[in-house]
Amino acid sequence: MRILIHNNYQTLSTWTAHYIANEILEAQPTADRPFILGLPTGSSPIGTYVELVRLYNEKKISFKNVITFNMDEYVGVPEDHPQSYHYFMHHHLFKHIDIPRENINILDGNAPDLNAECLRYEEKIASVGGFTLFLGGIGPDGHIAFNEPGSSLSSRTRMKTLTYDTKVANSRFFNNDTSAVPKTALTVGVGTVMDARKVLIIINGYSKARALQKVVEEGVNHMWTVSMLQLHQQGIICCDEDATQELKVGTVRNLKDIENKTLKTLPVLKPE
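Fair warning: this is a prediction, and the values are worked out from it, not measured in the lab.

## Points about the side chain of glutamate 122
Summarising the element assignment, glutamate 122 is placed in helix 4 (residues 114–127). Side-chain polar atoms of glutamate 122 contact the side chain of threonine 157, separated by 2.8 Å. Leave out the neighbours within four places in its chain, and glutamate 122 touches Arg156, Thr157 and Thr192.

Structure representation (structure tokens):
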């Protein structure tokens, strides 16, 4: 597991976007052999999406042969609701790039049979060959997607009840009204994420510092589900300085030393 400590959120976002773009360009995807990309919502990836849109507008990257699967969606929230993840993705990324509508996959939190919807989602991911790259973020309690503390580390896509901490954290999107945050969501499982060939997790801000400390300096623990990344062969954490505040000074120094060259340069974009 690689840990890249960036100076701030902006440099983290720029590096992450260039990394994703470079992975797509190197794969040279086609309609018959698309690039399969897992995507998150929330505040963490917004900077990355802004930079991906910029790269697209500069004609440095195309998403025509990219298929996306989002991590999760609230149950019972209409797709056109400003706080639905369908709306979020359309607003921050999809309406700005050339990805075909049929290549966009987001769980249907209003499906008549939610269990069947989760099974369908897992089967569709498998039918296209699984994730080439999974981009994720975490909550302050270290959950990835909506795999709350205590979730099975081999879990698959399913419905989950959200913890109070998660509802408090997400209440900022609901006028700071915790009672307005949906109580349940559909989410990919930890096992679903771990099946990806590569996983990149964004961890930014002081509120995520304790979670970063748990995943970097302690062992795999189902109470901090992102810690499962320790067992992934090609896992990367991109964090900013604020998120490192709970790490030991020696840990931070060693991680920066290891990735010194990487942190000084952006991934070089190869021409299409």
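On we go from here.
## Digging into the nonpolar core
Judged by nonpolar contacts, the single largest core of 40 residues is most densely connected at Phe134, Ile201, Ile203, Leu212, Ile237 and Cys239. When contributions to this core are tallied by element, the ones reaching two or more residues are strand 1 (2–6), strand 3 (66–70), helix 4, helix 6 (190–194), strand 9 (198–203), helix 7 (209–217), strand 10 (235–240) and helix 8 (249–258). Broken down by element, this core gets its largest block of residues, four residues, from helix 4. Leu37, Leu55, Ile61 and Leu200 belong to the second-largest nonpolar core, a separate cluster that totals 32 residues.

## Some words on the pattern of salt bridges
Per the counting criterion, the structure on display carries ten salt bridges. The closest approach of N and O atoms between arginine 2 and glutamate 259, which form a salt bridge, is 3.0 Å. Residue arginine 2 is located in strand 1, and its partner glutamate 259 is located in the loop between helix 8 and helix 9 (260–264); the two are separated by 257 residues in the primary sequence. The exposure class of arginine 2 is partly exposed, given its relative accessible area of 33%. Judged by its relative accessible area of 8%, glutamate 259 is buried. When the shortest N-O distance is used, the salt bridge between arginine 156 and glutamate 122 registers 3.3 Å. Taken together, the residues span a long stretch of sequence, with arginine 156 in the loop between strand 6 (133–137) and strand 7 (158–161) and glutamate 122 in helix 4 at a distance of 34 residues. Overall, glutamate 122 belongs to the buried group, its relative accessible area being 15%. Each member of the salt-bridge network shares a partner with another, and the members are Glu51, Arg54, Glu58 and Lys60.

## A few points about the packing of aromatic side chains
In the structure shown here, the tally under the stated rule is eight aromatic pairs. Geometrically, the ring pair formed by tyrosine 74 and phenylalanine 146 is tilted, given 5.9 Å between the ring centres and 40 degrees between the ring planes. Highlighted residues: tyrosine 74 in strand 4 (residues 72–74) and phenylalanine 146 in the loop between strand 6 and strand 7, separated in sequence by 72 residues. On the basis of relative accessible area, phenylalanine 146 is assigned to the buried category, the value being 3%.

## Here we look at the UniProt feature "site: Part of the allosteric site" (unreviewed entry) in the protein chain
In this numbering, the UniProt entry assigns the feature "site: Part of the allosteric site" (unreviewed entry) to Ser151, Arg158, Lys160 and Thr161. By the secondary structure assignment, serine 151 is in the loop between strand 6 and strand 7. Residue serine 151 is classed as buried on the basis of its relative accessible area of 2%. Ignoring anything within four residues of it in the chain, the contact list for serine 151 reads Arg158, Lys160, His222 and Thr225. Note that arginine 158 resides in strand 7.

Parameters at a glance
Residues numbered from 1 in each chain as written. Predicted model: local features only at pLDDT ≥ 70, side-chain atom pairs only at ≥ 80, totals over all residues. Heavy atoms only, no water. Helix = DSSP H or I, 4+ residues; strand = E, 2+ residues; numbered from the N terminus. Polar contact = N/O pair within 3.5 Å; in protein donor to acceptor, adjacent residues only side chain to side chain. Contact = heavy atoms within 4.5 Å. Core = buried A, V, L, I, M, F, W, Y, C linked by side-chain atoms within 4.5 Å. Buried < 20%, exposed > 50% of the residue type's maximum accessible area, 1.4 Å probe, protein only. Salt bridge = Lys/Arg side-chain N within 4 Å of Asp/Glu carboxyl O. Phe/Tyr/Trp six-rings, centres within 6.5 Å; stacked < 30°, edge-to-face > 60°. UniProt positions renumbered as here; feature names shortened; annotations may be inferred.

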